[in-house]
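Observations on chain architecture
What follows is each chain in one-letter form.
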Amino acid sequence: MIAAETFLGALDAHGFGPYLGVPCSYLTPFINYTIGSPRHRYLAANNEGEAVAMAAGAYFAGRRPVVMFQNSGLGNTVNPLTSLADPFR
């Protein structure tokens, strides 16, 4: 697996952030790195759909958010992706 510092450094270089997600054991290195880093902002969500909705708000405010979740959480994002993110592009 790619190191959290390497991956997030590449995202930083392209102006991404804040980072949003649901607590997840597989993503612990990435989540912990963003939480422990003074230049990152991590926002915890209760579920994947909420993380997408928060990311949409950040995007509408001019940010480039990153939502982190396992592929098994994709189903929880269908409604906010299709009813919020897609219509407003």
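Just so you know, these numbers come straight off a predicted model, no measurement behind them.

1. Description of the confidence of the model for the protein
Overall, the predicted model of the protein reaches an average pLDDT of 88, with 97% of residues at or above 70. Mean pLDDT values for the elements of the protein range from 76 in helix 4 (residues 78-88) up to 94 in strand 1 (residues 19-21).

2. Some remarks on the nonpolar core
A4, L8, L11, Y19, C24, L27, F30, I31, Y42, V66 and M68 form the largest nonpolar core, which has 11 residues in total. Those elements that place two or more of their residues in this core are helix 1 (4-13), helix 2 (28-36) and strand 3 (66-68). Among the elements that make up this core, the one with the highest residue count is helix 1 (3 residues). Excluding its chain neighbours within four sequence positions, the residues that come into contact with Y42 are Y19, L20, G21, V22, P23, I31, T34, I35 and M68.

3. Observations concerning helix 1
Burial in helix 1 covers these residues: A4, L8 and L11. Along the axis of helix 1, the buried residues cluster in a sector spanning 55 degrees; they form a single face. Residues of helix 1 that are exposed and angled more than 90 degrees away from the buried face: E5, T6 and A13. Here the buried face of helix 1 lies against strand 1, helix 2 and strand 3. Backbone geometry just after helix 1 places G15 at a positive phi near 80 degrees.

Thresholds applied
- Residues numbered from 1 in each chain as written.
- Predicted model: local features only at pLDDT ≥ 70, side-chain atom pairs only at ≥ 80, totals over all residues.
- Heavy atoms only, no water.
- pLDDT = per-residue confidence, 0-100.
- Helix = DSSP H or I, 4+ residues; strand = E, 2+ residues; numbered from the N terminus.
- Core = buried A, V, L, I, M, F, W, Y, C linked by side-chain atoms within 4.5 Å.
- Buried < 20%, exposed > 50% of the residue type's maximum accessible area, 1.4 Å probe, protein only.
- Contact = heavy atoms within 4.5 Å.
- Arc of directions from axis to C-beta.

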